[in-house]
Amino acid sequence: MSRRQLPPLTSLRAFEAAARHLNFERAGEELAVTASAIGQQVRALEAWLRRPLFIRLPSKGVALTGLGERYAAAISGLLDQLNEATAQAMRPDASTVLTVSTMPSFALSWLIPRLGSLKERHPELEVRISISVNLTDFGREDVDVAIRFGQGVYPGLRSDLLMEEHFFPVCSAALLNDPLRPLREPSDLRHHTLLHEAAEGIPDYITWPRWLALAGVDDVDASQGPRFSHTFLALQAAASGQGVALATSVLIGDYQDAGRLVRPFPHQVRSPHQYYLVCPEASADRPAIAAFRNWIRDEARAHNEQL
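Cut-off values and rules
Residues numbered from 1 in each chain as written. Predicted model: local features only at pLDDT ≥ 70, side-chain atom pairs only at ≥ 80, totals over all residues. Heavy atoms only, no water. Helix = DSSP H or I, 4+ residues; strand = E, 2+ residues; numbered from the N terminus. Contact = heavy atoms within 4.5 Å. Pairing = 2+ DSSP bridges. Axes fitted to C-alpha atoms, helices over the stretch in contact; angles between N-to-C directions. Buried < 20%, exposed > 50% of the residue type's maximum accessible area, 1.4 Å probe, protein only. Arc of directions from axis to C-beta. Polar contact = N/O pair within 3.5 Å; in protein donor to acceptor, adjacent residues only side chain to side chain. Parallel < 35°, antiparallel > 145°, perpendicular 65-115°, else oblique. Nonpolar A, V, L, I, M, F, W, Y, C, P; charged D, E, K, R; others polar. Phe/Tyr/Trp six-rings, centres within 6.5 Å; stacked < 30°, edge-to-face > 60°. Lys NZ or Arg CZ within 6 Å of the ring centre and 35° of its normal.

Participant: What exactly am I supposed to notice about the environment of F292 here?
Facilitator: Checked against the element boundaries, F292 lands in helix α9 (residues 287-306). Those residues within four positions of F292 in sequence are excluded, and the remaining contacts are L98, V100, L118, L125, V145 and L277.

Participant: Honestly, the sheet that holds strand β4 (residues 126-131) in this entry has me stumped. Any pointers?
Facilitator: Within a sheet, each strand pairs with its neighbour through backbone hydrogen bonds, oriented either parallel or antiparallel. Here 5 strands make up an open sheet; going across it, the order is β4-β3-β5-β12-β6 and the pairing mixed. Edge positions in the open sheet fall to β4 and β6 (157-163), since each of these has one partner strand only. Here the strands of the sheet are splayed against their neighbours by 25° on average, with no regard to which way each runs. Relative to β4, strand β3 (residues 97-102) runs parallel, the two sharing 6 bridges. Bridge assignment links L98 to a residue of β4, and that residue is V127. Relative to β4, helix α5 (residues 104-121) is tilted by about 175°, and along the sheet it contacts β3, β4, β5 (145-150), β6 and β12 (274-280). Packing of α9 onto the sheet brings it into contact with β3, β5, β6 and β12, and relative to β6 it is tilted by some 25°.

Participant: I keep staring at unusual backbone geometry and nothing clicks. Help me out?
Facilitator: Glycine aside, a negative phi is what most residues show, and trans is what most peptide bonds show. Within the chain, A32 stands out as a residue other than glycine whose phi angle is a positive 60°. Among the structural elements, A32 can be located in the loop between α2 (24-31) and α3 (35-49). Here R50, not a glycine, exhibits a phi torsion of approximately 60°, which is positive. Following the sequence through the fold, R50 ends up in the loop between α3 and β1 (54-56). R50 gets classed as exposed once you look at its relative accessible area, which sits at 76%.

Participant: When you look at α2 in this model, what are you seeing that I'm missing?
Facilitator: In an α-helix, one turn spans 3.6 residues; hence positions three or four apart end up facing the same way. Taken together, the buried positions of α2 are occupied by F24, A27 and G28. Seen from one end, α2 has its buried residues packed into an arc of 100°, which puts them on one side. Pointing more than 90 degrees away from the buried face of α2 are the exposed residues E25 and E29. Of the surrounding elements, those touching the buried residues of α2 are α1 (9-21), α3, β1 and β2 (62-64). Here α2 starts with a cap whose side-chain oxygen sits 2.9 Å from the backbone nitrogen of E25, and that cap is N23. Where α2 ends, the next residue or the one after it, A32, has phi of about 60°, a positive value.

Participant: When you look at the environment of S105 in this model, what are you seeing that I'm missing?
Facilitator: When you line up the elements, S105 lands in helix α5. If we skip the residues at most four places from it in the chain, S105 touches W110, H230, T231, F232 and L251. At 3.0 Å, the side chain of S105 and the backbone nitrogen of T231 are in polar contact.

Participant: It is not clear to me how the packing of α2 against α3 should be interpreted in this structure. Could you clarify?
Facilitator: In helix packing, the relevant descriptors are the interaxial angle and the interaxial distance, both defined with respect to the helix axes. Where α2 contacts α3, the axes come no closer than 7 Å and their chain directions differ by 100°. Relative to α3, the element α2 is oriented roughly perpendicular. Residues F24, E25, A27, G28 and L31 of α2 form the contact with α3, whose participating residues are A35, I38, G39 and V42. Each residue belonging to the contact of α2 with α3 can be placed in one class, and the counts come to 6 nonpolar, 2 polar and 1 charged.

Participant: Can you help me understand the packing of aromatic side chains in this one?
Facilitator: A ring pair, where both rings are aromatic, is described by two values, the distance of the centres and the angle of the planes. Counted under the stated rule, the structure contains 11 aromatic pairs. Taken together, a centroid distance of 5.6 Å and an interplanar angle of 70° make the contact between F15 and F54 edge-to-face. One end of the pair, F15, is in helix α1; the other, F54, is in strand β1, with 39 residues separating them in the sequence. Judged on exposure class, the residue F15 and its partner F54 are both buried. Geometrically, the ring pair formed by F106 and W110 is stacked, given 5.2 Å between the ring centres and 25° between the ring planes. Of this pair, F106 and W110 both sit in helix α5, separated by 4 residues, roughly a single helical turn. Residue F106 shares its accessibility class with W110, and that shared class is buried. Of the aromatic side chains, those joined through ring pairs into one cluster are F106, W110, F149, F167, Y205 and Y275. A cation over a ring is seen here: R148 above Y154, with NZ or CZ 5.0 Å from the ring centre. Looking at R263, its charged tip hangs above the ring of F168, at a distance of 3.8 Å from the centre.

Structure follows, in C-alpha cells:
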C-alpha cells in the first residue's frame, strides 16, 4: 500500500473554517485561536500544497482561488465524516444513552406520551429528547437519531418511514354545537375564527389557505385569525373554544380521545410530507439505536392501524 500524502489536520481545520467564513478572525473565534494563528496554518497548508488557496484582497479581506473553492468543498464533507467516525469510536458500543432530536409538537403530542412503553420494553435505555425545528447535522451535533418531517430523501442517512399525515379541522364540542353558527361543512368556517400555525421553513406545509384550496372552498377569508408558533399551541387554543384549528392525524394527541377536540366534518387533506426516523448509516446497527428503531416503528404501526 502506498504511503498517504496527507497535510496536517490542524492546517486543514483552519483552512476549512476560514473558507466557510471567508474571514480569518471569525474562523479563529470558531476554533478558539487568534486570526494570526489561522493565517499561519493557512500559509503552512499553501506551502505544503505549493499552490495558493486564498487571494489576499486590498481591503484586508480574503477570497478563495478556484483551487481553494474545490478543495474546501471536498474536505468539508470529509471533516464531517471524520468527526462522526471519531464520535462513534469514542462512544462504547454498549452505551445505553440515546439522544433523539425531534420537533416540539411531535415530541409533546406523540413521542413523550409513548416513552413509558419504551421503558417497559427496554429498561436499560436512557433517552434524552433534544427539541429542534432544524435539520440535524449528525457530523456536528451530539444526536444519535432524529425524527424528521419531509419526503425521505436524506443522502448518507438510513431513513425509515414512520407515519403519513393528514390535516383536518378541529374545534371544541361547545363550538361545534353553537346554534347560531352551525359548523357542518367546510364553507361554514367563514363564520368562525381560524387558528393558524406559523410553519416557517417547511415548503408546501398545509396551512389554512392551502387546506381550503385543496378542499375546494373559496368563500372563506383565511388571512384573519391568531397565529401560533407550534401545532400544540393552536390545538390548545381550539380546545379552549377560541376557534377552529388544523390538526393532523399524528399530532392530534389525546385531544380527540378525551373529547376535548372534535372533527366537525370528515374532510381531510393528505400532507406532502411524512415522518421519518433517520440516523447515520455508520451507527444504524448500534444496539441502542436498533432497539429504539424497532420500538418506534412498532408504535408507529400501531398508530397507523388505529386511524
